[in-house]
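Observations on the model geometry
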Amino acid sequence: MNHSPNNPIFLSSSLHVDDARKAITQMVDELLAEARLLNNSAEINIVSLDQAINRILAEDVLSPIDVPSADNSAMDGFAFNGKCLEINSLDITLAVVGTALAGKPYEGKVSDGECLKIMTGALMPSGCDTVIPQELTTSDNPEFITFRQNQLKPGENRRLRGEDLQKGKPAIAAGRLLRPSDLGLAASLGIASLKVKRKLRVAILSSGDELRSLGQPLESGCIYDSNRYSLTGLLNRLNLEIIDCGIVRDDPKSLKEAFIEASTQADVLISSGGVSVGEADFTKQIMQELGDVGFWKIAMRPGRPMAFGTLKPVPGQSSAKRTLFFGLPGNPVAVMVTFYQFVRSALLQLNGASQTEVPLSQAISETPIRKKPGRTEFQRAILGRNAEGRPTVRLTGSQGAGILRSMSEASCFIILHHDQGNIAAGDWVDVALFDGLL
Ligand code: AMP
Ligand code: MG
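Residues numbered from 1 in each chain as written. Chains lettered and ligands numbered in written order. Predicted model: local features only at pLDDT ≥ 70, side-chain atom pairs only at ≥ 80, totals over all residues. Heavy atoms only, no water.

1. Quick notes on the confidence of the model for the protein chain
The cut-off we apply is this: Looking at any residue, its pLDDT shows the predictor's confidence there, from 0 to 100. Every residue pair with non-hydrogen atoms within 4.5 Å of one another is taken to be in contact.
With 95% of its residues at a pLDDT of 70 or more, the protein chain shows a mean pLDDT of 92. Note on residues 1-5: pLDDT is under 50 here. Beyond four places in sequence and across chains, it has eleven contacts.

Here it is in structure tokens:
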């Protein structure tokens, strides 16, 4: 590895969020290239659709059929031969010769001057290429319908065979983080299982002498370890395998043992705490022995200190792979912000996902927000709507890095970019939603 001062992994002065992201992406690319040199066959699982949500598709799903499999009606109405629309007359009257339902095709023939009552999804009978929607017709006698000739063109309201998807063409592309609609799509093609990337194994640990596990008594000066729970929640959303390494005391021996243990089992280790000024020197020393890790001061708030790099393969262990390491800050909100900003996309990238970024949208700030140019800020906020129906955001209470309640009440981050200054009420700002619907 390149330890030169130009390598962003080892930069210690204040690092732009974008440069931190670039350095992480580069490192994950390196790890992916190394993984390709090792045997890849164990990297793919075949899972049934009910187990596939949030997994990453390993190969394109090719459609085994045309969708739809035959021409069919897009509306409830009457099917007929569109040729009759070319004749210049104001009204057209057709005799109704039968009915076609979805799943119950009409076997007879429909001749000129005739039509067939047809339901959405029912097969188009032979001789018919056009459907007039029911509501555009009039009828005094159920055996006949009348409609205006200029209301439609030949071929309208018919879905063509293969219109949605042609046989042999990719229906879902490799790299897709599988969503409910993808599972439905696979099922609609008769596909019961999918080839997905193996679940990443992600080890998590919390470091700090003051931390206590749930159920333990809380002596004075101690706090409950909440970071492992928010991290578990964040990781569970990605359907990963979590290895919980618990709480590790602030002493070199325990920390070293925990890092070695995690790196023998996991693809990625995420720790929280112990990277801020004062504590970092002590962690740095261990990291020099165990891997290549940079200690960053990122120009962001919250979440300024962060360690990032890789842990060497442990000698004598079967896995020859390096372990990606994120040493997140200890503050509960900073942990979540740095996860959203850096870890989530790295995990997706390492697992072969094609889309790794959190999509941004925009909303109008209800209040002024103070912001210094020169750092990226993540403010917790609630998305709403104003009287004109426009999206708005308002901050949730105190924005201190340790205040989880404001995070819990928020539905999004307002992201104030590096060069941005103060925000006035009514300004549009970028927001990242915590939850996407699909
Ligand atoms: P540190 O980065 O270790 O200096 O921690 C920064 C702040 O976050 C301190 O107030 C810690 O007590 C707190 N903290 C660290 N780890 C955790 C954790 N796992 N759960 C809750 N708070 C934590
Ligand atoms: Mg600490």
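That shown, we press on.
2. Description of the site of ligand 1
What counts is decided by this rule: Only heavy atoms are used to decide nearness, and a residue is near a molecule or strand if one of them lies within 4 Å of it. Nitrogen and oxygen atoms within 3.5 Å of one another constitute a polar contact, given that in protein one can donate a hydrogen and the other can accept it, and given that sequence-neighbouring residues count only through two side-chain atoms. Only the protein chains shown count as covering a residue, and every accessible area follows the Shrake-Rupley method with a 1.4 Å probe.
Near ligand 1 there are 16 residues, and of these Glu210, Asp225, Gly274, Ser276 and Glu279 occur at the shortest range. Interatomic distance of 3.0 Å between a backbone N/O atom of serine 226 and a nitrogen atom of ligand 1. In this structure, asparagine 331 approaches ligand 1 through a main-chain N or O atom, which is 3.3 Å from an oxygen atom. Alone, ligand 1 offers 480 Å² of accessible surface; in the complex the protein occludes 79% of this.

3. Some details on the environment of aspartate 251
Which entries qualify depends on this criterion: Helix and strand labels come from DSSP, where a helix needs a run of H or I of at least four residues and a strand needs a run of E of at least two; each type is numbered from the N terminus.
With respect to the helices and strands, aspartate 251 occurs in the loop between strand E16 (241-248) and helix H4 (252-265). With 42 residues separating them in the primary sequence, aspartate 251 and aspartate 209 have C-alpha atoms 8.7 Å apart.

4. Points about the sheet that holds strand E8 (residues 130-133)
Convention followed: For two strands to be treated as a pair, DSSP must find no fewer than two bridges joining them. Between N-to-C directions, angles cover 0 to 180 degrees, with each direction set by a line fitted to C-alpha atoms, over the stretch in contact for helices.
Ordered in space as E8-E5-E7-E6-E9, the five strands form an open sheet in which the pairing is mixed. Each edge of the open sheet carries a strand with a single partner, namely E8 and strand E9 (144-148). Sheet twist, expressed as the mean angle between neighbouring strand axes with direction ignored, is 40 degrees. When strand E6 (residues 91-100) meets strand E7 (residues 114-118), the two strands line up parallel, connected through four bridges. Paired with alanine 95 across the bridge in E7 is glutamate 114.

5. Comments concerning the pattern of salt bridges
Here is the rule we go by: Whenever a carboxyl oxygen of Asp or Glu lies within 4 Å of a side-chain nitrogen of Lys or Arg, that contact is scored as a salt bridge. Relative accessible area decides the class of each residue, using a 1.4 Å probe on protein chains only: under 20% of the type maximum gives buried, over 50% gives exposed, and in between gives partly exposed.
Following the criterion strictly, the structure yields 22 salt bridges and no others. The shortest N-O distance in the salt bridge between arginine 158 and aspartate 71 comes to 3.9 Å. Within this pair, whereas arginine 158 is found in strand E10 (residues 158-159), its partner aspartate 71 is found in the loop between strand E3 (61-62) and strand E4 (72-73), the two being separated by 87 residues in sequence. A relative accessible area of 28% means that aspartate 71 is categorised as partly exposed. The salt bridge partner of aspartate 435 is arginine 237, with a shortest N-O separation of 2.5 Å. Taken together, the positions of aspartate 435 in the segment after strand E26 (428-433) and arginine 237 in the loop between helix H3 (227-236) and E16 put the pair 198 residues apart, joining distant regions of the chain.

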